Amino acid sequence: MLGGFLVIGGLGVVIGVGLALASKIFYVYVDPKIEAVEDALPGANCGGCGYPGCSANAVAIVGGKSSPASCVAGGPDVAAQIAEVLGVEITLKEPDISRPGCYYGVQDADVKYLYQGINDCRAAALLDGGAKICPIGCLGLGTCVRACPFDALSMGPDNLPVVDTERCTGCGTCERLCPKHIITLTSTSERMIGEYVTDECTAPCQRDCPTGINIPAFIQEIRNNNYESALAIIKEKCPLPLICGYICPAPCELACRRNLVDEAIAINPLKRFVSDYEMQTGKHLTPFKAPGSGQKIAIVGGGAEGLTLSYYLARLSYHPTIFEAKPQLGGILRYVIAEDRLPRKVLDHEIEGILETGVEARTNMRMGHDFDLQSLFEEGFDVIALTKGGFDSRQILKPDPSGYDASVPSVFTMLDFIYSLSKGKNIRESRRVVIIHSGLEGLELARKCRDMGAQKVTIVSSLKAHELPIELQDAKRLTAEGIIVRPSTIVTSLRGISRRLVRVAIEETDPIGELPEETMTIRADTLILAAGRLPEFVFVRSEEAEGLEPGEIAWETIESFRTFPGGNDGICTPPEPGRISDSSAVVKSLLSGRRLTRAIHRYLTDGTIPPIQHLVCEADAVLDVREVHDVSPSERERPDILDVTGDSKRAWIFPSEYPGLNEASAKKEAERCLRCGLICYRKQK
């Protein structure tokens, strides 16, 4: 008996010692911060953070690989708790919400066959991509609904998913499971700076609207008598809808599918109708403003592009300030376009709405005379964006004929440079010159610069070597002259110190479509552009400290208009292909303003500006239909012109008060909209 106790007791002691040693040997240290962060997370394990579960995300957050605000299910409260644990500050952002992008269920769309298989969209998609002819159409079997961990989705009577925005946390489960990628996460912020891509459902009018208004959606709201909602949709893409209602050439109407039956929808008059509605109320629609960091951004130029940029930056909760050389904002809209075509009360109303979003304006301030990059950075601005316009703007500014545009240190248009040389004006001596040009004029200017004392002149061209004039292909002879020609090359950044240019960053673009192996910089104290305007440069502070004297500030530009990797665009490429000066229409300026907004917002929030893949505007072809069926002809509604004075065609073109659609006509016209998708449209059965 005693022996048995001793044996059992001895085994117990041995096992205990073994366990104690094992606990010491195999002990895994757990950072108390990770435990605290994991305790703060909701434990939903939804994967919306990009990690397989809350534990993995907690490790990533503490390790600096994930943001304290990465938990979409927890929201701002959880983000604040985690930030308190880590002792850091966070910048809140607007949460993403799921949004279906298909508008016609299986019963309303054209189908290839009747599917009677497994009740799962992923299984149905395996059979020739699904029953719908449209390659991205919702298959309607509810896989996303069943997968939603927060019961935020349900199937509607049209066999399309419906999102409960109160319950949706933006975890992205539905987006990941949808085999057609037709339900995606989005937000007002993302829509404001986004552009259409080929794998989303868009109507022809949407795709041809330069500023990208969701035209079918706002017309739908007019049909439902929700005029403020219609205007809110328009202002996600266009901050000057009433101005566009007067002067936009309406390319969207040329693409309207109604043209296949009778006549295009009166899209522009409908846009003006809801804008007139806002103006008649005597107030401006209060726009949604996303949470943000409040960083200060200076915008040089108060025309359509600068106003657009300031409006969307304000809606993203930055603090934009416009510096305008003229006494009033508006640029060409105010100082070039005739008032009987664009009434000034309309312009003033739109500008007041933009200023009410929190935009500051300083007028009678000319860059290069009253302020410059150095003074703006010293004042605390984080970003400085140029939206100075082109030839027309130069005319209204009436620049000093004895000099040249000195907005950006040592950066000139070729026109200014040659003009000043011809007049014998005093241009500062340059030692290292970069000329962006592809012709003999650039070579002639390079030789002039050499004659003026430049030690080295580099000619940069996006053309391939064999596409250049023969005189620019003789590299050996040109090198002997001190001229270097760089074909297949673009300028991607400028770098300077306070009031002088120091370096120019370049990339080779051949072969197009491949990422450049590296970006190199060349020393330069002068840059000459073969363009009619200074591009939309965006300046930020640089971390570069080499060569800085006390009180000096290093700066550099960021890319803003590049849309695909390995492309043929640099920062000096015009935003509108084929045009080297002003935009061809006000809507093109609005698009440039929104693209600038995206670049600045991405840079300040993510540190990088990722390209947008598969842009509709760059696609060779987008799925469409060439004929429509089961659509009854109907006459287009027109404005009541009885009150317009004048008895000639001129009255239609330049009336003092061009009439808009009245409410009855607008609603009737809205009913004509076919609510098109890629190939679907509303049929009148």
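From a predicted model like this one, the values you see are computed outputs, not experimental measurements. Sequence order sets the numbering: in each chain, residues are counted from 1 along the sequence as written. For a predicted model such as this one, the threshold for reporting local features is a pLDDT of at least 70, and the threshold for listing and counting side-chain atom pairs is 80 or more; totals across whole chains, interfaces and linings nevertheless cover every residue. Neither water nor hydrogens contribute to the side-chain values; these are computed over all heavy atoms in the structure.

Draft legend 1. Spotlight on the overall build of the protein. Only runs of H or I of at least four residues qualify as helices and only runs of E of at least two qualify as strands under DSSP, and these elements are numbered from the N terminus. Scanning the protein from N- to C-terminus turns up 25 helices and 18 strands. Projected onto the principal axes, the alpha-carbon positions of the protein cover approximately 120 × 70 × 50 Å. The buried share of the protein, taken over its 685 residues, is 48%. We call two residues in contact when some of their heavy atoms are within 4.5 Å. In the protein, 68% of the contacts between residues at least 6 apart in sequence involve partners at least 24 apart. Only the protein chains shown count as covering a residue, and every accessible area follows the Shrake-Rupley method with a 1.4 Å probe. Entry remark: accessible area of the protein is about 32800 Å², with carbon and sulfur atoms responsible for 53%. By the counting rule applied here, Lys and Arg register as positive and Asp and Glu as negative, while His and the ends of each chain are not counted. Think of each charge as sitting on NZ of Lys, CZ of Arg, CG of Asp or CD of Glu. Averaging the positions of the 74 positive and the 90 negative side-chain charges in the protein gives two centres separated by 2 Å. Summary of the burial criterion: residues with accessible area below 20% of their type's maximum are buried, those above 50% are exposed, and those between are partly exposed, where the area comes from a 1.4 Å probe applied to protein chains only.

Draft legend 2. Examining helix H4 (residues 75-86) more closely. One less than the number of residues in a helix, times 1.5 Å, gives the span that helix is expected to have. The terminal C-alpha atoms of H4 lie 17 Å apart, and with 12 residues this matches the ideal 16 Å at 1.5 Å per residue to within 8%. What H4 keeps buried is the set Val 78, Ala 79, Ile 82, Ala 83 and Leu 86. Viewed along the axis of H4, the buried residues span an arc of 140°, placing them on a single side of the element. Along H4, the residues that are exposed and aim more than 90 degrees away from the buried face are Asp 77 and Glu 84. Where H4 is buried, its residues touch helix H2 (32-40) and helix H3 (54-62). Immediately beyond the C-terminal end of H4, within one or two residues, lies Gly 87, with a positive phi of roughly 70°. Of all possible arcs, the one meant is that of the directions from the helix axis to the C-beta atoms.

Draft legend 3. A look at the side chain of Glu 195. Relative to the elements of secondary structure, Glu 195 occurs in the loop between helix H8 (188-193) and helix H9 (204-208). Judged by relative accessible area, Glu 195 falls into the buried class, the value being 16%. Contacts described as polar in this section are N or O atom pairs within 3.5 Å, which, within protein, must combine one atom able to donate a hydrogen with one able to accept it, while residues neighboring in sequence count only if both atoms come from side chains. At 2.8 Å, the side chain of Glu 195 forms a polar contact with the side chain of Arg 595. Each residue touching Glu 195, except ones within four places of it in the same chain, is listed here: Glu 200, Leu 591, Arg 595, Ile 612, Leu 615 and Cys 617.

Draft legend 4. Structural view of the sheet that holds strand S12 (residues 483-486). Here the rule is simple: two strands pair whenever DSSP picks up at least two bridges between them. Pairing in this open sheet of 5 strands is parallel, and the strands run S9-S16-S10-S11-S12 from one edge to the other. Since the sheet does not close on itself, it has two edges, and those belong to strand S9 (411-413) and S12, each with one partner. Strand-to-strand twist across the sheet, computed as the mean angle between neighbouring axes with direction ignored, equals 20°. With 4 bridges connecting them, strand S10 (residues 432-436) and strand S16 (residues 526-529) associate as parallel partners. In the strand pairing of S16, Val 434 is matched with Leu 527. The sheet strands contacting helix H21 (residues 440-451) are S10, strand S11 (456-460), S12 and S16, and the helix crosses S11 at an angle near 165°. Where helices are involved, their axes are fitted lines through C-alpha atoms of the stretch in contact, as for all axes, and angles between N-to-C directions lie from 0 to 180°.

Draft legend 5. Examining the sheet that holds strand S18 (residues 554-557) more closely. Strands sit in the order S7-S6-S5-S8-S17-S18-S13-S14-S15 across an open sheet of 9 strands; the sheet is mixed. Every interior strand has two partners, whereas the edge strands, strand S7 (360-362) and strand S15 (520-523), have only one. Sheet twist, expressed as the average angle between the axes of neighbouring strands with direction ignored, equals 25°. Pairing analysis gives 3 bridges linking strand S13 (residues 489-497) to S18, with the strands arranged antiparallel. Residue pairing for S18: Arg 495 is matched across the bridge by Glu 556. Strands strand S5 (296-300), strand S8 (383-386) and strand S17 (538-541) of the sheet are contacted by helix H23 (residues 586-606), whose axis makes an angle of about 15° with S17.

Draft legend 6. Representation of the pairing of S16. Here S16 shows two buried faces, one formed by Thr 526 and Ile 528 and the other by Leu 527 and Leu 529. Across 3 bridges, S9 lies against S16 in parallel orientation. Its bridge partner being in S16, Val 411 is matched across the sheet by Leu 527.

Draft legend 7. Local environment of H21. Relative to the 16 Å expected for 12 residues at 1.5 Å per residue, H21 spans 17 Å between its end C-alpha atoms, a close match to the ideal helical length. Taken together, the buried positions of H21 are occupied by Gly 442, Leu 443, Leu 445, Ala 446 and Cys 449. The buried residues of H21 occupy an angular sector of 165° when the element is viewed end-on, so they sit on one face. If you follow the buried residues of H21, they end up packed against helix H20 (414-422), S10, S11, helix H22 (475-480), S12 and S16.

Draft legend 8. Representation of the pairing of S5 in the model. Burial within S5 is extensive, with 4 of its 5 residues counted as buried. Across 5 bridges, the pairing between S5 and strand S6 (residues 319-323) is parallel. Paired with Lys 296 across the strands is His 319, a residue of S6. By the criterion used throughout, a crossover qualifies as right-handed when its path from the first strand across the helix to the second strand runs clockwise, the strands pointing away from the viewer. With respect to chirality, the unit in which S5 leads through helix H15 (residues 304-315) into the neighbouring parallel S6 is right-handed.

Draft legend 9. Fine view of the environment of Arg 191. Note on placement: Arg 191 falls in helix H8. Among residues more than four places away in sequence, those in contact with Arg 191 are Arg 99, Thr 186, Glu 236, Lys 237 and Arg 594.

Draft legend 10. Structural detail: the nonpolar core. Ranked by internal contacts, the top residues of the largest apolar core, which has 77 residues, are Ile 215, Phe 218, Ile 219, Leu 333 and Ile 600. In terms of residues, this core owes the most to one element, H15, which gives 7 residues. In this structure, Leu 386, Ile 506, Ala 524 and Phe 537 belong to the second largest nonpolar core, which totals 33 residues. Nonpolar core, defined: a set of buried Ala, Val, Leu, Ile, Met, Phe, Trp, Tyr and Cys residues in which side-chain atoms within 4.5 Å join the residues together.

Draft legend 11. Summary view of the pattern of salt bridges. The rule for a salt bridge is simple: a side-chain nitrogen of Lys or Arg has to be within 4 Å of a carboxyl oxygen of Asp or Glu. Counting across every chain of the model gives 25 salt bridges. The salt bridge involving Asp 120 is made with Arg 122; its shortest N-O contact spans 3.0 Å. Since its relative accessible area comes to 15%, Asp 120 is described here as buried. Exposure remark for Arg 122: the relative accessible area of 40% places this residue in the partly exposed category. Taking the shortest distance from any N to any O, the salt bridge between Glu 481 and Arg 477 comes out at 3.1 Å.

Draft legend 12. View of the side chain of Lys 132. With respect to the helices, strands and loops of the structure, Lys 132 is situated in the loop between helix H5 (121-125) and helix H6 (143-147). At 2.5 Å, the side chain of Lys 132 and the backbone oxygen of Tyr 104 are in polar contact. Aside from chain neighbours lying at most four places away, what touches Lys 132 is Cys 102, Tyr 104, Gly 105, Val 106, Ala 109, Asp 110, Val 111, Lys 112, Gly 137 and Cys 138.

Draft legend 13. The state of the cysteines, seen in detail. Two cysteine sulfurs form what is called a disulfide whenever their separation falls within 2.5 Å. Counted under the stated rule, the structure contains 0 disulfides. With no disulfide of its own, Cys 201 lies closest to Cys 134 among cysteine sulfurs, the gap being 5.9 Å.

Draft legend 14. Summary view of the confidence of the model for the protein. On average, the protein scores 86 in pLDDT, and the residues at 70 or more come to 91%. Per residue, pLDDT measures the predictor's confidence, with a range of 0 to 100. Scored below 50 in pLDDT, residues 647-654 shows 8 contacts in the model against residues more than four places distant or in partner chains.

Draft legend 15. Broad picture of a nonpolar patch on the surface. Patches here: salt-bridge-free residues with over 30% relative accessible area, like charges joined within 9 Å, nonpolar side chains (Val, Leu, Ile, Met, Phe, Trp, Tyr) joined within 5 Å. On the surface, a nonpolar cluster with roughly 530 Å² of combined accessible area is contributed by Val 7, Ile 8, Leu 11, Ile 15 and Leu 19. Following the sequence through the fold, Val 7 ends up in helix H1 (residues 2-25).

Draft legend 16. Structural view of the environment of Phe 537. Mapped onto the secondary structure, Phe 537 falls in the loop between S16 and S17. Here Phe 537 falls in the buried class, since its relative accessible area comes to 2%. Separated by 35 residues in sequence, Phe 537 and Cys 572 have C-alpha atoms that sit 8.1 Å apart. With near-sequence residues (within four places) excluded, Phe 537 lies in contact with Ile 384, Ala 385, Leu 386, Val 408, Val 411, Leu 494, Leu 529, Thr 557, Ile 571 and Cys 572.

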